[in-house]
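Structural features, examined
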Amino acid sequence: QVQLVESGGGLVQAGGSLRLSCAASGNIFSIRPMGWYRQAPGKQRESVATITSDNSTNYADSVKGRFTISRDNAKNTVYLQMNSLKSEDTAVYYCQLRGIRGMEYWGKGTLVTVSS
């Protein structure tokens, strides 16, 4: 089993920055693809940023140039550095780990609120 715990969410003014962390634990025997997703009220969950086992990254067009995903494999932790935040970034942010055999593991989410 795999457990993911997000942290770092909170209230920030437009133009500010936040750094989200996701700590993974449990039955992790190799570096796995991970990502950040977000869901705003009344909207579908969307992919924000992903990072593969070889550190290849992808970003949603809406955050490209503002957000950076990274990982520290020694700490089993993935980060999302969020700069130049906009009110449209307000959402619950979820961490995901893609396991073997098509398994997906999700954290409980952390709320990011950007005030304008």
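That block above? That's the structure.
So, how was this worked out
Throughout this document, residue positions are counted from 1 along each chain, in the order its sequence is written. Since the coordinates come from a predicted model, pLDDT governs what is reported: local features require at least 70, and pairs of side-chain atoms require 80 or more to be given and counted, while whole-chain, interface and lining totals use all residues. Only hydrogens and water are set aside when side-chain values are computed; all heavy atoms of the structure are taken into account. Relative accessibility under 20% of the residue-type maximum defines a buried residue, over 50% an exposed one, and the middle range a partly exposed one, all with a 1.4 Å probe and only protein chains included. Each helix is a run of H or I in the DSSP string that is no shorter than four residues. Each strand is a run of E no shorter than two, and both are numbered from the N terminus. Strand pairing is defined by DSSP finding a minimum of two bridges between the two strands. We call two residues contacting when some pair of their heavy atoms lies within 4.5 Å. As used in this structure description, the phrase polar contact means that two N or O atoms lie within 3.5 Å; if the pair is within protein, one of them must be able to donate a hydrogen and the other to accept it, and residues adjacent in sequence are counted only when both atoms belong to side chains. Cysteine sulfur atoms that come within 2.5 Å of each other are treated as a disulfide pair. Nonpolar core, defined: a set of buried Ala, Val, Leu, Ile, Met, Phe, Trp, Tyr and Cys residues in which side-chain atoms within 4.5 Å join the residues together.

Before going further, it helps to spend a moment on the pairing of strand β4 (residues 34–39). The buried count for β4 comes to 5 of 6 residues, which makes it a mostly enclosed element. Two strands pair when backbone bridges link them, and β4 and strand β5 (residues 46–51) are joined in this way by 5 bridges, in the antiparallel orientation. Note that in β5 the partner of Arg-38 across the bridge is Glu-46. The pairing of β4 with strand β9 (residues 91–98) spans 6 bridges and is antiparallel. Among the inter-strand pairings, Arg-38 is bridged to a residue of β9, identified as Tyr-93.

The pairing of strand β1 (residues 2–7) with strand β3 (residues 18–26) spans 6 bridges and is classified as antiparallel. Across the sheet, residue Gln-3 finds its bridge partner in β3, namely Ser-25. Alignment of β3 against strand β8 (residues 77–82), held across 6 bridges, turns out to be antiparallel. Pairing of Arg-19 across the sheet is with Gln-81, part of β8.

Moving on: the environment of Arg-38. Within the fold, Arg-38 resides in strand β4. For Arg-38, a relative accessible area of 5% translates into the label buried. C-alpha of Arg-38 to C-alpha of Ala-91: the two residues are 53 residues apart in sequence and 5.8 Å apart in space. Not counting chain neighbours up to four residues away, the residues in contact with Arg-38 comprise Gln-44, Arg-45, Glu-46, Val-48, Ser-62, Val-63, Phe-67, Glu-88, Asp-89, Ala-91, Val-92 and Tyr-93. Engagement of the side chain of Arg-38 in a polar contact is seen with the side chain of Asp-89, the distance being 2.9 Å.

What follows concerns the state of the cysteines. Counted by the stated rule, this structure contains 1 disulfide. The disulfide partner of Cys-22 is Cys-95, and the S-S distance across this bridge is 2.1 Å. With the S-S dihedral at roughly -85°, the linkage between Cys-22 and Cys-95 falls on the left-handed side. Residue Cys-22 is located in strand β3, and its partner Cys-95 is located in strand β9; the two are separated by 73 residues in the primary sequence. Residue Cys-22 shares its accessibility class with Cys-95, and that shared class is buried.

This brings us to the nonpolar core. One broad trend across soluble globular proteins is that nonpolar side chains are buried collectively. One finds Leu-4, Trp-36, Leu-80 and Tyr-93 to be the most contacted residues of the largest nonpolar core, which totals 28 residues. Discounting chain neighbours no more than four positions away, the residues touching Leu-4 are Cys-22, Ala-23, Ala-24, Met-34, Cys-95, Gln-96, Leu-97, Tyr-105, Trp-106, Gly-107 and Lys-108.

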